[in-house]
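Reading the structure
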Amino acid sequence: MTEHPAARPLSGITVVSVEQAVAAPFAPRQLADLGARVIKVERPGGGDFARRYDTTVHGESSYFVWLNRSKESLTLDLKSARGRQVLEQLLAGADVFVQNLAPGAADRLGLGAQALTERFPSLIPCAVTGYGSSGPWADRKAYDLLVQCQTGLVSLTGSASEPARAGVSVADIAAGMYAYSGVLTALFTRATTGVARPVEVSLFEALAEWMGQPAYYTRYGGTQPPRVGTRHATIAPYGAFTTADGKDVLFSIQNEREWAALCERFLKRPELIDDPRFATGAARVAHREELDALVAARCAESGSQEVMQLLDEAGIANAGVNDVPEFLAHPVLSARDRWRDVRIPGGAAVPALLPPVDLAGTVPRMDPVPAVGEHTGRILAELGYDATEIDALRADQVV
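So, a few notes on the structure that sits alongside this text.

Conventions and cut-offs
Residues numbered from 1 in each chain as written. Predicted model: local features only at pLDDT ≥ 70, side-chain atom pairs only at ≥ 80, totals over all residues. Heavy atoms only, no water. Patch = residues over 30% accessible without salt bridge, like charges linked within 9 Å, V, L, I, M, F, W, Y side chains within 5 Å. Areas by Shrake-Rupley, 256 points an atom, 1.4 Å probe, with all protein chains shown as cover. Salt bridge = Lys/Arg side-chain N within 4 Å of Asp/Glu carboxyl O. Lys, Arg positive; Asp, Glu negative; His and termini not counted. Charge placed at Lys NZ, Arg CZ, Asp CG, Glu CD. Helix = DSSP H or I, 4+ residues; strand = E, 2+ residues; numbered from the N terminus. Buried < 20%, exposed > 50% of the residue type's maximum accessible area, 1.4 Å probe, protein only. Contact = heavy atoms within 4.5 Å. Polar contact = N/O pair within 3.5 Å; in protein donor to acceptor, adjacent residues only side chain to side chain. Phe/Tyr/Trp six-rings, centres within 6.5 Å; stacked < 30°, edge-to-face > 60°. Lys NZ or Arg CZ within 6 Å of the ring centre and 35° of its normal. Pairing = 2+ DSSP bridges. Axes fitted to C-alpha atoms, helices over the stretch in contact; angles between N-to-C directions.

As a further point, take a positive patch on the surface. On the surface, R43, R52, K79 and R108 cluster together to form a positively charged patch. Considering the arrangement of structural elements, one finds R43 in the loop between β2 (37-42) and α2 (62-67).

Written as structure tokens, this is what we have:
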């Protein structure tokens, strides 16, 4: 269906974002997907340093292309009085302000939540921090892998002999997701009560939420879950097994019905159903090595397609262990028409995935990724600056 842009849920909402890297840009991009106008404030010259993380997407950074579609880029020197004046003018007409400035910088610039709510009572400030704006670590810098380490996530990932970082920026992504939902909640609260409430999300506390299950397991079990590679620390069998054609197939047994089906229809060993070594979930974990050896021997007898077909017939969830090229060609993404072309600086079009939430009657916004400062002149003109004033700001490197 064709949808008029004004019908998008956040049409009419303006977001000003002093953002860089991953966590803070992710939240406004999701707001832009729903129709919000997002004005991204960048440093004059280089802009967001994530633009230079790599050059793989026709010369642009893969991170930046992913996180910054549908935004407008305004360059602004916030250390200058005239730059802060421009920002003040923007905030006077904005609904949301997102920032992930270095620890203490927001307060020094007068952009802390308390100062902003005093000057702009209807503005929703959103701060994305490393370890929170208070507490003993408020002044520490935080990056994704540092937070993976501090929350203990790295101690859970990898093999028994070596820990490993998660392959994507999970702390950044978690913080960006919670900032997004927090801003949506604050917008709803403002609409229903008239009160604009500040939002704060830290990378550490966002990922700490994701550590809930291992935290409970460790606190009450006396030891933390072990690192087991593609296996599951507390469920067995659950992991990847190599088949006769050299490809890995991952599957899991979630309950006793599935265990019985695995024994009868895949292993062809119905006597194992009530074997005391494997009869319960806890017993299967305790005898994981014996059980995995049985499963591995059976998988090695058949090719990957046959193994997956037999598991399907037994009602057991399974998957081939894909690499990234196989993910990009995944039949679900093509059959469900999940790809859309998005323009990047320089004019090339690249495929981008639609947002994962399908809201009935709403077509997500998938506008271009901006060049550094691409919209500076237009935004300043909207604020009332004439051509001479804009040229002067450019000459003085304020914008």
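Glancing now at a nonpolar patch on the surface. Where nonpolar side chains cluster on the molecular surface, the patch consists of M177, Y178 and W210 and spans about 280 Å² of accessible area. Mapped onto the fold, M177 is located in helix α7 (residues 170-193).

It is generally the case that most residues other than glycine have a negative phi and that most peptide bonds are trans. A cis amide bond links A236 to the next residue, P237, at an omega of -10°. Even without a glycine there, the phi angle at H58 is positive, about 50°. Assignment of secondary structure puts H58 in the loop between β2 and α2. Judged by relative accessible area, H58 falls into the exposed class, the value being 58%.

Regarding helix α10 (residues 256-266), the residues found buried are E258, W259, A260, A261, L262, C263 and F266. At its buried positions, α10 is contacted by β8 (248-252), α11 (281-286), α12 (288-299) and α13 (304-313). A positive phi of about 55° marks K268, the residue just after α10.

Taken as a whole and assessed by the stated rule, the structure comprises 23 salt bridges. Between D33 and R29 there is a salt bridge, and its shortest N-O distance comes to 2.9 Å. With D33 and R29 both in helix α1 (residues 23-33), this residue pair falls four residues apart, about one helical turn. Taking the relative accessible area as the measure of exposure, D33 reaches 3% and is therefore buried. For R338, the salt bridge is made with D358, and the minimal N-O distance between the two is 3.1 Å. Separated by 20 residues along the polypeptide, R338 in the loop between α15 (331-335) and β10 (339-343) and D358 in the loop between β11 (349-353) and α16 (376-382) bring together distant segments of the chain. Taken together, the salt bridges that share partners define one network made up of E19, K40, D48 and K71.

By the secondary structure assignment, S17 is in strand β1 (residues 14-18). Exposure remark for S17: the relative accessible area of 0% places this residue in the buried category. Of the polar contacts made by the side chain of S17, one reaches the side chain of E19; its length is 2.5 Å. At 3.5 Å, the side chain of S17 and the backbone oxygen of V98 are in polar contact. In contact with S17, not counting residues within four places along its chain, are P28, I39, K40, V41 and V98.

Below, the discussion takes up the packing of aromatic side chains. In total, this model carries nine aromatic pairs according to the counting rule given. On the basis of an interplanar angle of 15° and a centroid distance of 6.4 Å, the ring pair of Y216 and Y220 is categorised as stacked. Remark: Y220 and Y216 occur in helix α9 (residues 212-221); sequence separation between them is four residues, near one turn of the helix. According to the relative accessible area criterion, Y220 is exposed, its value standing at 64%. Its end group placed over the ring of W137, R140 keeps NZ or CZ at 4.0 Å from the ring centre. The ring of F266 carries the charged tip of R298 above its face, separated from the ring centre by 4.7 Å.

Here R51 is to be found in the loop between β2 and α2. As a C-alpha pair, R51 and R227 span 176 residues in sequence and 35 Å in three-dimensional space. Once you skip the residues sitting within four places of it in the chain, R51 turns out to touch E42, G46, S61, F64, S73, P370, A371 and V372. Only 2.8 Å separates the side chain of R51 from the side chain of E42, close enough to count as a polar contact. Within the structure, R51 has its side chain in polar contact with the backbone oxygen of P370 (distance 3.0 Å).

Along the chain, A300 falls in the loop between α12 and α13. A C-alpha to C-alpha distance of 55 Å links A300 and S134, two positions 166 residues apart in sequence. Contact partners of A300, with chain neighbours within four places excluded, come to T242, T243 and A244.

Turning next to the sheet that holds β2. Pairing within the open sheet is parallel, and its six strands lie in the order β3-β2-β1-β4-β5-β6. Each edge of the open sheet is held by one strand with a lone partner, namely β3 (71-75) and β6 (199-202). If you compare each strand with its neighbour and ignore which way they point, the axes differ by 20° on average. Note that strand β4 (residues 96-99) and strand β5 (residues 124-129) share four bridges and pair parallel.

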